[in-house]
Amino acid sequence: MLNDILTYLKPYFLYIKGEPIIFTQLYFWGFFAVVLALYSLVYKKNTLRTFYLLLVSFFFYYKTSGVFLILLLFTITSDYNWGRLIYKSKSNKQKKLFLTFSLLLNLALLCYFKYAYFFTESINQLAGTDISFFNYFTQFSNTYLGTKDPLDKLILPVGVSFFTFQSISYTIDMYRGRVTPVKSIFDYGFFVCFFPHLVAGPIVKANEFLYQIYEPYNLKRKEFGYAVFWILNGLGKKIMADYIALNYIDRIFDNPNYYSGIETIFGIFGYSLQIYADFSGYTDIAIGIALLLGYRLKTNFKSPYKAQDVSEFWKRWHISLSTWLKDYLYIPLGGNKKGSVGSYICIAFLSIVLVLLTGKIWLLLVLLIIAIILVLLAYFIPKVKQSINTNINLLVTMLLGGFWHGSSWLFIIWGGLNGLGLVIHKLWQNYSPFKNSKYFFVKATLVLFTLSFISFTRVFFRSDSLETVSLLFDRLANHFGANLFFSVIRGYWVVFLVILIGYLIHWIPERIKVNYRLKFAQLPLPIMSLVAIVFIFCIYQLMSGDMQPFIYFQF
């Protein structure tokens, strides 16, 4: 009898490959109900609640990523101790040395797990060698932890980019004097791996979160209402994202040759809505769950498709990553004042990456020629020098942001296009007749233009190869099929209606959104519960049989 019970419970407690915990699973909400029930016994005692939530977060990550819990534990232990050493250092030179060790270790681990396989394959392609990739971490886990993964493949730990960036913020903020050491390694572990934001953000910076660990639990009645609202809002977004992806968008990007240009355009704009609804849906749920537990996470999206230019878009989109890159990369490189040694080191690194990605050694010569031409122009023409100085860090930051998403030409092109968009907008501001216009038509036109630019750059982000990109643009240029417009609308009218409703809700004025959020938050608890039950019943009826993992799990 006991063995039968243990056999039945085993899948609920052990890691199952390919089945991470996601917020849309009934399993997660059962897990969270148990977490809340036990939390009610410890939430008034800061030390106990921190330790309890740390254990819960470890279990959450283990269920999501298995043996990679070891990597998370190593990151926590390493940066906790580097932070202490930085704080105790008596000289600035020592502080810089310890910070450098911390950064190199974090970035080395991140690069290994995200890019080691890519670099091995690229070197083989360039040099004509036949070096076999060997995964030392997998060898260790197979030998000592009983796993049976292939040694010639690299498995990406879920959320590695997110928790690595969070941990880096601690040592940098310690170096800058923005934070003091946490009281214990358990407090630090909790900061790094608090489960709501652990695997897909928002990225939490040390100076914005650590102080909350030591504050007493405080959740006002209105905040409880907001927490419920954000959870329901996020679930609704995720269901919508999966519906339009499975019923239309995936078909367009997986088989572009089967569709006309007009269908492709709908797919491109539909994907922009899908990735927004998917990613912001996750962070909405994370913010709501964290709030129920008494912790405030910052807003990660502010209606980005209301942006009237590319610069405004990046202030509204994935705000936690944008501000992280600004605070810890863009400004240290020199911001918009001048290029620094770090800027040119980054350019050299990206040039090497581009050569490895293409497998073409001649590209290195082309890049060197371009660099020489730019240096000569900057030397003889002061305006060129000024333009390079004020824009180089913007381009470097966006290119590195693209590379952060993965080792692909496509991500770097996507980052580069957005970087160019930011530079062009910066120059255009000096001449734009539409700057600060109050006319609705002008604003709407700028919003649609910005959305179109962002959406078409995402062709590179979503496609699995340059061949797919080429096929998609070929459909737009040579097989547009304008005469099929009404037939396409009739054929996919339900999906297009969902996409239209999604955009219309997105474009609702912020004051109206603030108003209906507040009204929901102030509902009497019985009515709020009824609304939540009906809403959850409806969305689970609309769920596909196999819910998709959130898009940003892969980063």
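Rules used throughout
Residues numbered from 1 in each chain as written. Predicted model: local features only at pLDDT ≥ 70, side-chain atom pairs only at ≥ 80, totals over all residues. Heavy atoms only, no water. Helix = DSSP H or I, 4+ residues; strand = E, 2+ residues; numbered from the N terminus. Buried < 20%, exposed > 50% of the residue type's maximum accessible area, 1.4 Å probe, protein only. Contact = heavy atoms within 4.5 Å. Areas by Shrake-Rupley, 256 points an atom, 1.4 Å probe, with all protein chains shown as cover. Core = buried A, V, L, I, M, F, W, Y, C linked by side-chain atoms within 4.5 Å. Phe/Tyr/Trp six-rings, centres within 6.5 Å; stacked < 30°, edge-to-face > 60°. Lys NZ or Arg CZ within 6 Å of the ring centre and 35° of its normal. Axes fitted to C-alpha atoms, helices over the stretch in contact; angles between N-to-C directions. Parallel < 35°, antiparallel > 145°, perpendicular 65-115°, else oblique. Left-handed = near helix turned anticlockwise from the far one by under 90°. Nonpolar A, V, L, I, M, F, W, Y, C, P; charged D, E, K, R; others polar. Salt bridge = Lys/Arg side-chain N within 4 Å of Asp/Glu carboxyl O.

1. Things to note about the overall build of the protein
When its secondary structure is counted, the protein shows 23 helices and 0 strands. With respect to the principal axes defined by its C-alpha atoms, the protein has extents near 75 × 65 × 50 Å. Looking at the 555 residues of the protein, the share that counts as buried comes to 49%. Here the analysis covers contacts within the protein between residues at least 6 apart in sequence; of these, 77% occur between residues at least 24 apart. For the protein, the exposed surface amounts to about 27800 Å²; the carbon and sulfur share of it is 68%.

2. Regarding the nonpolar core
Ranked by internal contacts, the top residues of the largest apolar core, which has 132 residues, are F28, L72, F191, F195 and I289. If one sorts the elements of this core by residue count, helix α11 (residues 261–292) sits on top with 16 residues. Those residues in contact with F191 that sit more than four places away from it in its chain are Q166, S169, Y170, H197, V204, K205, A206, F209, L210 and I213.

3. Section: the packing of aromatic side chains
Throughout the structure, instances matching the rule amount to 69 aromatic pairs. Summarising the aromatic geometry, the rings of F31 and F59 are spaced 6.0 Å apart at their centres and angled 35 degrees between planes, so their arrangement reads as tilted. On the criterion of sequence distance, the pair formed by F31 in helix α2 (residues 26–39) and F59 in helix α3 (residues 46–65) is long-range, its members being 28 residues apart. The class for F59 is partly exposed, based on a relative accessible area of 23%. Between K63 and the ring centre of Y27, over which it is positioned, the NZ or CZ distance is 5.3 Å. Positioned over the ring face of W404 is K114, at 5.1 Å from the centre of the ring.

4. Structural notes on the environment of Y259
Relative to the elements of secondary structure, Y259 occurs in the loop between α10 (221–254) and α11. Distance from Y259 to L476, taken between C-alpha atoms, is 9.9 Å for residues 217 residues apart in sequence. Setting aside chain neighbours within four positions, we find Y259 in contact with R251, I252, T264, R475 and Y492.

5. Let's talk about the packing of helix α13 (residues 319–333) against helix α16 (residues 382–405)
Geometry of a packed helix pair, given as the angle between the helix axes and the separation of the axes. Packing of α13 against α16 brings their axes to within 10 Å, and their N-to-C directions diverge by 130 degrees. If you check the angle between α13 and α16, you find them oblique. Considering only the axes of α13 and α16, their crossing is right-handed. Between α13 and α16, the residues in contact are L321, L325, L329, Y330 and L333 and N393, L394, V396, T397, L400, G401, W404 and H405, respectively. By residue class, the composition of the contact of α13 with α16 is 9 nonpolar, 4 polar and no charged.

6. Thoughts on the pattern of salt bridges
All told, the structure shown has 13 salt bridges when counted by the stated rule. For D327, the salt bridge goes to K205, with nearest N and O atoms at 2.6 Å. Separated by 122 residues along the polypeptide, D327 in helix α13 and K205 in the loop between α8 (185–193) and α9 (206–213) bring together distant segments of the chain. No difference in accessibility class separates D327 from K205, as the two residues are buried. Among the ionic pairs, E312 bridges to R316, the shortest N-O distance being 2.9 Å. Highlighted residues: E312 and R316, both in helix α12 (residues 310–316), separated by 4 residues, approximately one helical turn.

7. Things to note about the packing of helix α4 (residues 69–88) against helix α5 (residues 92–127)
Running from amino to carboxyl end, α4 crosses α5 at an angle of 165 degrees, the nearest separation of the two axes being 8 Å. Judged by the angle between their axes, α4 and α5 are roughly antiparallel. Helix-helix and strand crossings are classified by hand; for α4 and α5 the assignment is left-handed. When α4 is examined against α5, the residues L71, F74, T75, S78, D79, W82, L85 and I86 are found in contact with a partner set consisting of K95, F98, L99, F101, S102, L105, N106, L109 and F113. Here the residues of the contact of α4 with α5 are counted per class, giving 11 nonpolar, 4 polar and 2 charged.

That's the geometry; what it means functionally is another story.
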